[in-house]
Amino acid sequence: MSWPCFALPEGAPTLGQVSEIIWALRQQLTGGVAETIVHQTHQEEQRRQQRPCPTCARLLPARGPVHRCVETMGGAVELQRPYFYCRRCRAGPSPLDEVLGVQAGRRQPDVQQAAVDLATEIPYETASMLCGRLSGITVSSERMHAFTPQGAEGLRVVEVAPSREEIERRVGQVAAGRFRRPVLVLGIDGAYVPSRPESARGRRPGQARHRARRARWRHEWREAKGFRFSLLDGERIVHVLSWHQGQNEQELGEALQQGKDAGLIPEDAVRLCVVCDGAEWIWNHVQALFPHACQVLDYYHCSEYLHKVAKAQYGQTVQALEWVEATLTRLYMGTMGPVLGGLRRMQPTSEEARKAIDNCWIYLNGHRGRTDYGTFRRGGYPLGSGGMESAHKFICHVRLKRSGAWWYEENSNQMLALRCAKYTGTFDQVFTRYQHQKANS
Ligand SMILES: [Zn+2]
């Protein structure tokens, strides 16, 4: 490589001018340093005259040298190295590439990881633009599109989860200095993801000319179901693990089962608590997998039912407000008997009121064992599933809900898996795994 040459402006340059020049040359400068280091540290491989074939052990003479340029976060690195071709095995490895761990393709894994790091936060176009501006490395948005699924391929909850040791460390931190075991909250819920149907795939030849035409497919909102384990540390939430995917109830149950089977949930070191709305399938999973967990019906869901009753029964009146306040207070104190009794004694003022009262009674009565809010409060358990809702926001909505963005389910699931890894603190772990897989394939 040739060292970059530059000219300072006439006279005394400002710091801004100096910085600008260095910034423009940074990839060349750091690439040059990387290249020098490779040169210095691998002289033997570059001068090697012969080596045995890794397959048939025949001694092979050096050929070349051949030139190759690879891009790293530290800049472009030019490699001049011999290769050793075995005619019998039809293979011609380059030992320098092997010891350096150079991967196929021009852009090396650190560039790919940085690109995916950006693309999992912001739209591909913006990610590409910022990548170029901040690092000096050009990665087109199409390339970013191609990188993301590679990193996410085959990810399951166990790959995205932190190790058991790491989870124990987080539990230990929260437990320190407390006499009760910390509360580990499991939230389960769905969030809507903007989707496009599979039928929108496959642009036919010539279709590009009609790009401006209205799309033939209709967008839809599909539910991504997810769960989140988090620790309560006073007012603070310590995140442990999130897993969100476009998946059905059964698949979500299987993912929970995988986490349990992998021993990720330290049930004996925490007080496990599940906070959810009333959905039956959720409680079935909980009952099957964590029968000893404390079950909490989301207090704010209850409050919605009560508001509906008040509105239908009393309309927009002071009386309605007073009734809701009084009933919510009873609920908050954990006295469900009087709440249910009160609903039973109500004389419906309309058909609508009768329906609302019945619905509310059925809902609350069906979840009686999950509404002991007084005990939950004294035990330090959460009353609402706010932690789950914020997970939906920072994992799904922030990246997937963008104006004009409609996702194929496969793509949104890959994006979700990577974002779960990010917020669970395992993004590097996921990429290390991917590189091992790639190197061994
Ligand atoms: Zn051979």
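In the block above lies the structure referred to throughout.
A quick note: this is a predicted structure, and the numbers were derived from the prediction, not measured.

1. Side note on a positive patch on the surface
Point 1. A cluster of basic residues, Arg-58, Arg-63, Arg-87 and Arg-88, forms a positive patch on the protein surface.
Point 2. Within the secondary structure, Arg-88 is located in the loop between β4 (75-83) and α3 (95-100).

2. Focus: the packing of helix α11 (residues 299-314) against helix α12 (residues 318-333)
Between two packed helices, both the angle of their axes relative to each other and the distance between the axes serve to describe the pair.
Point 1. Packing of α11 against α12 leaves a shortest axis separation of 9 Å and a crossing angle of 150°. In terms of axis orientation, α11 runs roughly antiparallel to α12. Every pair of crossing elements has a handedness; the one defined by α11 and α12 is right-handed. Judged by residue contacts, Tyr-299, Cys-302, Ser-303, Leu-306, His-307, Val-309, Ala-310 and Tyr-314 of α11 engage Gln-319, Ala-320, Trp-323, Val-324, Thr-327, Leu-328, Leu-331 and Tyr-332 from α12.
Point 2. Here the residues of the contact of α11 with α12 sort into 12 nonpolar, 4 polar and no charged.

3. Examining the coordination of the zinc ion
Point 1. Binding of the zinc ion to the protein goes through Cys-53 (SG), Cys-56 (SG), Cys-86 (SG) and Cys-89 (SG), at separations of 2.2 to 2.4 Å.
Point 2. Between the 4 donor atoms coordinating the zinc ion, the angles at the centre fall across 106 to 114°, so the site counts as tetrahedral.
Point 3. Sequence positions of the donors to the zinc ion reduce to the motif C-x2-C-x29-C-x2-C.
Point 4. Owing to a relative accessible area of 27%, Cys-56 belongs among the partly exposed residues under this scheme.

4. A look at empty space enclosed by the protein
Point 1. Summed over the entire model, instances satisfying the criterion amount to 3 cavities of 30 Å³ or more.
Point 2. Volume-wise, the largest cavity comes out at about 50 Å³.
Point 3. Val-193, Ser-195, Arg-222, Glu-223, Ala-224, Gly-246, Glu-409, Ser-412 and Asn-413 are the residues that line the largest cavity.
Point 4. Elements with a minimum of two residues in the lining of the largest cavity: β5 (183-195), β6 (220-233) and α17 (409-424).
Point 5. Counted by class, the lining of the largest cavity contains 2 nonpolar, 4 polar and 3 charged residues.

5. Some points on the layout of surface pockets
Point 1. Space inside the second largest pocket adds up to approximately 570 Å³.
Point 2. Taken together, 20 residues line the second largest pocket, and the ones lying closest to its centre are Tyr-124, His-145, Arg-399, Ala-405 and Trp-407.
Point 3. Where the lining of the second largest pocket is concerned, the elements lending two or more residues are α5 (124-135), α6 (141-152) and α17.
Point 4. For the lining of the second largest pocket, the leading source of residues is α6, giving 5 residues.

6. Some words on the packing of α5 against α6
Point 1. At a minimum axis separation of 8 Å, α5 and α6 run at an interaxial angle of 110°. Our classification of the angle between α5 and α6 gives roughly perpendicular. Only Ser-141, Met-144, His-145 and Thr-148 of α6 make contact with α5, whose side of the interface consists of Tyr-124, Glu-125, Ala-127, Ser-128 and Cys-131.
Point 2. Class assignment of the residues belonging to the contact of α5 with α6 gives a composition of 4 nonpolar, 4 polar and 1 charged.

7. What to know about helix α10 (residues 280-289)
Point 1. Among all positions in α10, only Trp-281, Ile-282, Trp-283, His-285, Val-286 and Leu-289 are buried.
Point 2. For α10, the secondary structure elements touched by its buried residues are β5, β6, α9 (249-261), β8 (271-276) and β9 (294-297).

8. A few points about helix α14 (residues 351-366)
Point 1. When the terminal C-alpha atoms of α14 are compared, their 22 Å separation across 16 residues agrees well with the 22 Å that a helix rising 1.5 Å per residue should span.
Point 2. Every buried residue of α14 is accounted for by Ala-353, Ala-356, Ile-357, Cys-360, Tyr-363 and Leu-364. All buried residues of α14 fall inside an arc of 135° around its axis, so they share one side. Exposed residues on α14 whose side chains face more than 90 degrees from its buried face are Lys-355, Ile-362 and Gly-366.
Point 3. Each element contacted by the buried residues of α14 is listed here: β9, α11 and α13 (336-345).

9. With respect to the environment of Ala-312
Point 1. By the secondary structure assignment, Ala-312 is in helix α11.
Point 2. Judged by relative accessible area, Ala-312 falls into the buried class, the value being 12%.
Point 3. A sequence separation of 220 residues divides Ala-312 from Gly-92, and the C-alpha atoms of the two residues are 80 Å apart.
Point 4. Aside from chain neighbours lying at most four places away, what touches Ala-312 is Thr-349, Ser-350, Glu-352, Ala-353 and Ala-356.

10. Digging into the pairing of β4
Each regular strand displays side chains that alternate between the two surfaces of the sheet.
Point 1. As paired elements, strand β3 (residues 63-72) and β4 share 8 bridges and run antiparallel to each other. In the sheet register, Thr-72 faces β4, and the bridge partner there is Gly-75.
Point 2. Taking the residues between adjacent antiparallel strands as the criterion, β3 and β4 are bridged by 2 residues.

11. Section: the packing of aromatic side chains
Point 1. Applying the stated criterion across every chain yields a total of 13 aromatic pairs.
Point 2. Residues Phe-227 and Phe-229 carry aromatic rings whose centres are separated by 5.9 Å and whose planes lie at 75° to one another, so their mutual orientation is edge-to-face. Here Phe-227 matches Phe-229 in class, with each residue buried.
Point 3. With a centroid separation of 5.2 Å and an interplanar angle of 80°, the aromatic rings of Tyr-299 and Tyr-373 are classed as edge-to-face. With Tyr-299 in helix α11 and Tyr-373 in helix α15 (residues 373-379), this pair connects stretches of sequence that are 74 residues apart.
Point 4. The exposure class assigned to Tyr-299 is buried, which follows from its relative accessible area of 9%.
Point 5. The structure contains a cluster of three or more aromatic residues connected by ring pairs, namely Tyr-299, Tyr-300, Tyr-332, Tyr-373, Phe-376 and Tyr-381.

Reading the values: rules and limits
Residues numbered from 1 in each chain as written. Predicted model: local features only at pLDDT ≥ 70, side-chain atom pairs only at ≥ 80, totals over all residues. Heavy atoms only, no water. Patch = residues over 30% accessible without salt bridge, like charges linked within 9 Å, V, L, I, M, F, W, Y side chains within 5 Å. Areas by Shrake-Rupley, 256 points an atom, 1.4 Å probe, with all protein chains shown as cover. Salt bridge = Lys/Arg side-chain N within 4 Å of Asp/Glu carboxyl O. Lys, Arg positive; Asp, Glu negative; His and termini not counted. Charge placed at Lys NZ, Arg CZ, Asp CG, Glu CD. Helix = DSSP H or I, 4+ residues; strand = E, 2+ residues; numbered from the N terminus. Axes fitted to C-alpha atoms, helices over the stretch in contact; angles between N-to-C directions. Parallel < 35°, antiparallel > 145°, perpendicular 65-115°, else oblique. Left-handed = near helix turned anticlockwise from the far one by under 90°. Contact = heavy atoms within 4.5 Å. Nonpolar A, V, L, I, M, F, W, Y, C, P; charged D, E, K, R; others polar. Donors = N, O, S within 2.8 Å, 3.2 Å for Na, K, Ca; no water. Tetrahedral: all angles 85-135°; square planar, octahedral: opposite > 155°, others 65-115°. Buried < 20%, exposed > 50% of the residue type's maximum accessible area, 1.4 Å probe, protein only. 1 Å grid on protein atoms, 1.4 Å probe; cavity = no way out; pocket = protein on both sides within 12 Å on 5 of 7 lines; lining within 4 Å. Points joined across faces, edges and corners; volume = space filled by probe spheres on them. Expected span 1.5 Å × (residues − 1). Arc of directions from axis to C-beta. Pairing = 2+ DSSP bridges. Phe/Tyr/Trp six-rings, centres within 6.5 Å; stacked < 30°, edge-to-face > 60°.

Scope: geometric values only; no functional claims are made or implied.
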